Amino acid sequence: MTNERGYSWPESILSLVIITVVFGTLLPLYSHMSARLEMKKLGMHAAESAYHGAILHNAYGMMAGTNHIEKTLYNWSVESEGICVTYTYIEREFVKCIAY
């Protein structure tokens, strides 16, 4: 009769290596997908700010304004090509213009 109580040392190391490899490959993938999703969300909020600016321009003749959504400041202005929204994300400025 053998006494098998748990895993042996090589089995434990092999399990640890497999788990490390799996998480090591999934973590960069998750990070990339998360950053892309955040950029798309910011672009959507910029489009919402442009829409809000178009409403204010039509109703009150306003030419510029700001919109604060989820800790990000979106500055919109009416220009010749349409409404342009500028916002900053990770110390980088982005501009999204929509024809109006």
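You'll find the structure just up there.
This is a predicted model, so every value here is computed, not measured.

Let us now look at the packing of aromatic side chains. Per the counting criterion, the structure on display carries 2 aromatic pairs. With a centroid separation of 5.2 Å and 50° between ring planes, the pair formed by Tyr74 and Tyr87 is classed as tilted. Of this pair, Tyr74 sits in strand S2 (residues 72-79) while Tyr87 sits in strand S3 (residues 82-89), and the two are 13 residues apart along the sequence. Overall, Tyr74 belongs to the buried group, its relative accessible area being 0%. Using a relative accessible area of 6% as the deciding quantity, one classes Tyr87 as buried.

With that out of the way, let us pick up the sheet that holds S3. Here 4 strands make up an open sheet; going across it, the order is S1-S2-S3-S4 and the pairing antiparallel. Of all the strands in the sheet, the pair left with one neighbour each is strand S1 (64-69) and strand S4 (92-98). Within the sheet, the average angular offset between the axes of one strand and its neighbour, ignoring direction, is 25°. With 7 bridges joining them, S3 and S4 adopt antiparallel strand pairing. Across the sheet, residue Tyr89 finds its bridge partner in S4, namely Arg92. Each of S1, S2, S3 and S4 is contacted by helix H1 (residues 9-60), which is oriented at about 140° to S3, the strand it contacts most.

Further remarks concern the pairing of S1. Of the two faces of S1, the one holding Gly65, Asn67 and Ile69 is buried and the one holding Ala64, Thr66 and His68 is not buried anywhere. In this structure, S1 lies alongside S2, joined through 6 bridges in antiparallel fashion. Bridge pairing in S2 places Thr66 opposite Asn75. Remark: 2 residues form the turn of the hairpin made by S1 and S2, two consecutive strands paired antiparallel; Glu70 in that turn has positive phi of roughly 45°.

Basis of the calculations
Residues numbered from 1 in each chain as written. Predicted model: local features only at pLDDT ≥ 70, side-chain atom pairs only at ≥ 80, totals over all residues. Heavy atoms only, no water. Phe/Tyr/Trp six-rings, centres within 6.5 Å; stacked < 30°, edge-to-face > 60°. Helix = DSSP H or I, 4+ residues; strand = E, 2+ residues; numbered from the N terminus. Buried < 20%, exposed > 50% of the residue type's maximum accessible area, 1.4 Å probe, protein only. Pairing = 2+ DSSP bridges. Axes fitted to C-alpha atoms, helices over the stretch in contact; angles between N-to-C directions. Contact = heavy atoms within 4.5 Å.

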